[in-house]
Amino acid sequence: MLSEDGSGEDDRDITEEAEGEILSDRNAGKYWDNATLDSKKARKIFLTVMLVIVLTIVIMLVVFLMQSPKQEYPTYDQIIQKLNLAVTMLSPYIHIKTQLIGQSVEKRDIILLKMSPKAVNRSLAGDPCHHPLVWVVCGVHAREWTSPLTCLSFIQKLGDIFVNTASQDGDNILRSLQFNILVVANPDGYQYSMSSPTRRLTRKNRRKSSCPDSSLAGVDINRNFGSGFNYGDDCYGQVCPFNATPCSITHGGEKAFSEPETRVVRDAMTAEVPWLSLSLHGNGNSWSSPFAYKIADPPPNVGSKWDLEFLAKKIFAKFGTSYRYGSSSGVMYRAGGTMIDWVYEGLGVVRSYNHELRNICPDQ
């Protein structure tokens, strides 16, 4: 968890003209099939849609977490049961299925849920200009139980939006999208962290290593991706780089993509490259974009897509919750081998974001 309290506010304000344009495009989904749009307006529509999508996701997640601070966290087996139940209940009304995309170190299944409304034209499903694909990856770090729980809530909320046609702001846009949702990317670590109070703070997967402390053994999945591997300052008192000691909670493994869990995510996302990617963690109160492994200005081609000021201000205005925002290395710390950087550099996906859920501890 992060200790600092950033409000995400500065002196910059969105102009009335830009804000009016964003808030008025509630039916932006209809533009996907309009091939006559000039390139300038198309770019504006893409930006509008991205902002609305991200804002809608945040609203769903925050509302859920505010509802029940005593929510019981499901086990890995219960999560799989919930996914299967969602498919059974929703399949008459929407496109939904689970897909086995690989296995963990301890041979637990890694299950992806794929869902989209039946209004989506399946013949154009692979065309990101008609039905963009959104990836949401949860449960990377074992101890962050709020992440899989929020992903489950997200599936439920999306199902309701897809089935019920009574629209709220942004719902029509969500109905034009496809979603690939990975609820538990690190099933071994997640299950291990639930097996005993002494294992509660386990972060990594269950790879056996030379670390004598079983609770500290393993590899940090979010340090095992290829971009910036073995670069970082997040050593937590251990010898830097973080890969130097197997007992470090951010130990990145022997080499990039050494872990089956990381390779599963890499291969699945390479096969279905997203239009927008969201890596969801708990609970550091921040929204961030690349880069994590280096301090650098955004490349010129990303434009305002990495500017999360609008999102942070809208959340604060609606919920009173403050999020820090900016590059990952700026709002948190320098960390190598993260998913957010690999999605941008390895897959060429500009809309690559990391979200740390809000802190739900009452004393912090």
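Here the structure is a predicted model, which means the values were calculated and not measured.

Calculation notes
- Residues numbered from 1 in each chain as written.
- Predicted model: local features only at pLDDT ≥ 70, side-chain atom pairs only at ≥ 80, totals over all residues.
- Heavy atoms only, no water.
- Helix = DSSP H or I, 4+ residues; strand = E, 2+ residues; numbered from the N terminus.
- Buried < 20%, exposed > 50% of the residue type's maximum accessible area, 1.4 Å probe, protein only.
- Pairing = 2+ DSSP bridges.
- pLDDT = per-residue confidence, 0-100.
- Contact = heavy atoms within 4.5 Å.
- Core = buried A, V, L, I, M, F, W, Y, C linked by side-chain atoms within 4.5 Å.
- Disulfide = S-S within 2.5 Å.
- Phe/Tyr/Trp six-rings, centres within 6.5 Å; stacked < 30°, edge-to-face > 60°.

Trainee: Before we go on, may I ask you to explain unusual backbone geometry in this structure?
Mentor: Across residues other than glycine, the phi torsion is negative in most instances, and most of the peptide bonds are trans. Backbone torsion omega between Gly282 and Asn283 reads -10 degrees, so that peptide bond is classified as cis. Within the secondary structure, Asn283 sits in the loop between strand S5 (276-281) and strand S6 (286-289). One non-glycine residue, Asn230, lies in the positive phi region at around 70 degrees. Here Asn230 is to be found in the loop between helix H6 (187-194) and helix H7 (260-271). Here Phe257, not a glycine, exhibits a phi torsion of approximately 60 degrees, which is positive. Positionally, Phe257 belongs in the loop between H6 and H7.

Trainee: It is not clear to me how the pairing of S5 should be interpreted in this structure. Could you clarify?
Mentor: Each regular strand shows side chains that alternate between the opposite faces of the sheet. A large share of S5 lies buried, amounting to six of its six residues. Here S5 shows no split at all, with Leu276, Leu278 and Leu280 on one side and Ser277, Ser279 and His281 on the other all buried. Note that strand S3 (residues 133-137) and S5 share four bridges and pair parallel. Bridged to Trp135 within S5 is Ser277. Where S5 meets strand S8 (residues 351-356), six bridges bridge the pair, whose relative direction is parallel. In the sheet register, Ser277 faces S8, and the bridge partner there is Ser352.

Trainee: Would you take a moment to explain the confidence of the model for the chain for this structure?
Mentor: One rule of thumb: low pLDDT means the predicted coordinates there are not for detailed reading. With 72% of its residues at a pLDDT of at least 70, the chain reaches an overall mean of 81. Looking at the elements of the chain, mean pLDDT is at its lowest for helix H1 (residues 16-24), recorded as 39, and at its highest for H7, recorded as 98. Overall, residues 1-37 carries pLDDT values under 50, and its contacts beyond four positions in sequence, including any with other chains, amount to 58 contacts.

Trainee: How do you make sense of the nonpolar core when you look at a structure like this?
Mentor: As a rule of thumb, soluble globular proteins bury nonpolar side chains together. Met115, Phe179, Ile181 and Val183 are the most contacted members of the largest nonpolar core, which has 43 residues in total. Counting only elements with at least two residues in this core, the list comes to helix H3 (76-90), strand S1 (94-103), strand S2 (109-117), S3, helix H4 (146-163), strand S4 (178-182), S5 and helix H8 (309-319). For this core, the leading source of residues is H4, giving seven residues. Excluding residues that lie within four positions of it along the chain, Val183 makes contacts with Ile79, Leu83, Ile111, Cys138, Gly139, Pro148, Cys151, Leu152 and Ile155. Grouped together as the second largest cluster of nonpolar side chains are 21 residues, Ile221, Phe225, Phe257 and Leu347 included.

Trainee: What exactly am I supposed to notice about the state of the cysteines here?
Mentor: As used in these notes, a disulfide is a covalent bond between sulfur atoms, one from each of two cysteines. The full count for this structure, using the stated rule, is two disulfides. Paired by a disulfide, Cys138 and Cys151 hold their sulfur atoms 2.3 Å apart. As the torsion about the S-S bond is roughly 75 degrees, the Cys138-Cys151 disulfide counts as right-handed. Remark: Cys151 occurs in helix H4 and Cys138 occurs in the loop between S3 and H4; sequence separation between them is 13 residues. For Cys138, a relative accessible area of 0% gives the class buried. Assessed through its relative accessible area of 1%, Cys151 is described here as buried. Across a sulfur-sulfur distance of 2.1 Å, Cys211 and Cys247 are joined as a disulfide pair. The sign of the S-S torsion, about 110 degrees, decides the handedness of the disulfide formed by Cys211 and Cys247: right-handed. On the criterion of sequence distance, the pair formed by Cys211 in the loop between H6 and H7 and Cys247 in the loop between H6 and H7 is long-range, its members being 36 residues apart. Here Cys211 and Cys247 have matching classes, each one buried.

Trainee: In this structure, what is going on with the environment of Ser328? I would like to understand it.
Mentor: Structurally, the position occupied by Ser328 is in helix H9 (residues 328-331). Along the sequence, Ser328 and Tyr293 sit 35 residues apart, while their C-alpha atoms lie 8.3 Å from each other. Residues within four places of Ser328 in sequence aside, it is in contact with Ser288, Ser289, Phe291, Ala292 and Tyr333.

Trainee: Quick question: what am I supposed to make of the packing of aromatic side chains here?
Mentor: Here a ring pair, both rings aromatic, is described through the centre-centre distance and the interplanar angle of the planes. Counted under the stated rule, the structure contains eleven aromatic pairs. On the numbers, 5.8 Å between centres and 90 degrees between planes, the contact of Phe154 with Phe179 is edge-to-face. With Phe154 in helix H4 and Phe179 in strand S4, this residue pair connects regions lying 25 residues apart in the sequence. For Phe179, a relative accessible area of 1% puts it in the buried group. Aromatic side chains Phe291 and Tyr344 sit 5.7 Å apart centroid to centroid with 75 degrees between the ring planes, which places their arrangement in the edge-to-face category. Taken together, the residues Phe291 in the loop between S6 and H8 and Tyr344 in helix H10 (residues 339-347) connect sequence positions 53 residues apart. Its relative accessible area of 4% is what places Phe291 among the buried residues. Grouped by ring-pair contacts, the aromatic residues Tyr231, Phe291, Tyr293, Trp306 and Tyr344 constitute a single cluster.

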